[in-house]
Amino acid sequence: MSTNQTWVVRYKLPGDQVRTPREIIVTAISQADAKKVAQAMIPSAIILGGPQPAR
């Protein structure tokens, strides 16, 4: 049985003029699920890279 992990997902919104991406912390079983959760929470977000485990 898998346990949930905390992931940091970096994203930007359309029209953002900042260089540093925004971050959101999500709880999910895997990296792929973390990306899906973040996309569901913020549908207009452009996910940058892959989610990283939170420290």
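Heads up: the structure comes first, above all this text.
Rules and cut-offs
- Residues numbered from 1 in each chain as written.
- Predicted model: local features only at pLDDT ≥ 70, side-chain atom pairs only at ≥ 80, totals over all residues.
- Heavy atoms only, no water.
- Helix = DSSP H or I, 4+ residues; strand = E, 2+ residues; numbered from the N terminus.
- Buried < 20%, exposed > 50% of the residue type's maximum accessible area, 1.4 Å probe, protein only.
- Contact = heavy atoms within 4.5 Å.
- Areas by Shrake-Rupley, 256 points an atom, 1.4 Å probe, with all protein chains shown as cover.
- Pairing = 2+ DSSP bridges.
- Axes fitted to C-alpha atoms, helices over the stretch in contact; angles between N-to-C directions.
- Salt bridge = Lys/Arg side-chain N within 4 Å of Asp/Glu carboxyl O.
- Core = buried A, V, L, I, M, F, W, Y, C linked by side-chain atoms within 4.5 Å.

Peer 1: Could you clarify how one ought to interpret the overall build of the chain in this entry?
Peer 2: Across its full length, the chain carries one helix and three strands. For the chain, the sequential pattern of α-helices and β-strands runs β-β-α-β. Here the chain, with 55 residues, has 24% of them falling under the buried criterion. Of the contacts made within the chain by residues no fewer than 6 positions apart, 46% connect residues no fewer than 24 positions apart. Surface exposure of the chain reaches about 4,100 Å², of which carbon and sulfur atoms provide 52%.

Peer 1: Could you clarify how one ought to interpret the sheet that holds strand E1 (residues 5-12) in this entry?
Peer 2: Sheet strands associate in pairs through backbone hydrogen bonding, adopting either a parallel or an antiparallel arrangement. Here three strands make up an open sheet; going across it, the order is E2-E1-E3 and the pairing antiparallel. The sheet is open, and its two edges are formed by strand E2 (22-28) and strand E3 (46-53), each paired on a single side. Across the sheet, the mean angle separating the axes of adjacent strands is 30° when strand polarity is ignored. Where E1 lies against E3, five bridges are found, and the strand directions are antiparallel.

Peer 1: Looking at this model, I keep getting lost on the pattern of salt bridges. Mind explaining?
Peer 2: Two side chains carrying opposite charge are able to pair once their charged atoms lie near each other. This structure, assessed with the given rule, holds two salt bridges. One salt bridge connects Glu 23 with Arg 10, and the closest N-O pair in it is separated by 2.9 Å. Separated by 13 residues along the polypeptide, Glu 23 in strand E2 and Arg 10 in strand E1 bring together distant segments of the chain. Given a relative accessible area of 48%, Glu 23 falls into the partly exposed group.

Peer 1: Looking at this structure, I do not really get the environment of Gly 50. What am I missing?
Peer 2: For Gly 50, the position within the fold is in strand E3. Sequence separation between Gly 50 and Ser 30 is 20 residues, and the spatial gap between their C-alpha atoms is 11 Å.

Peer 1: How should I be thinking about the environment of Ala 34 in this particular structure?
Peer 2: Here Ala 34 shows up in helix H1 (residues 31-41). Between the alpha carbons of Ala 34 and Leu 13 there is a distance of 18 Å; along the sequence they are 21 residues apart.

Peer 1: Would you explain the nonpolar core in this entry?
Peer 2: One recurring pattern in soluble globular proteins: nonpolar side chains tend to sit buried together. Counting residues in hydrophobic clusters, the biggest one holds 11 residues: Trp 7, Val 9, Tyr 11, Ile 24, Val 26, Ala 28, Ala 34, Ala 38, Ile 42, Ala 45 and Ile 47. Elements that contribute at least two residues to this core include exactly E1, E2 and H1.

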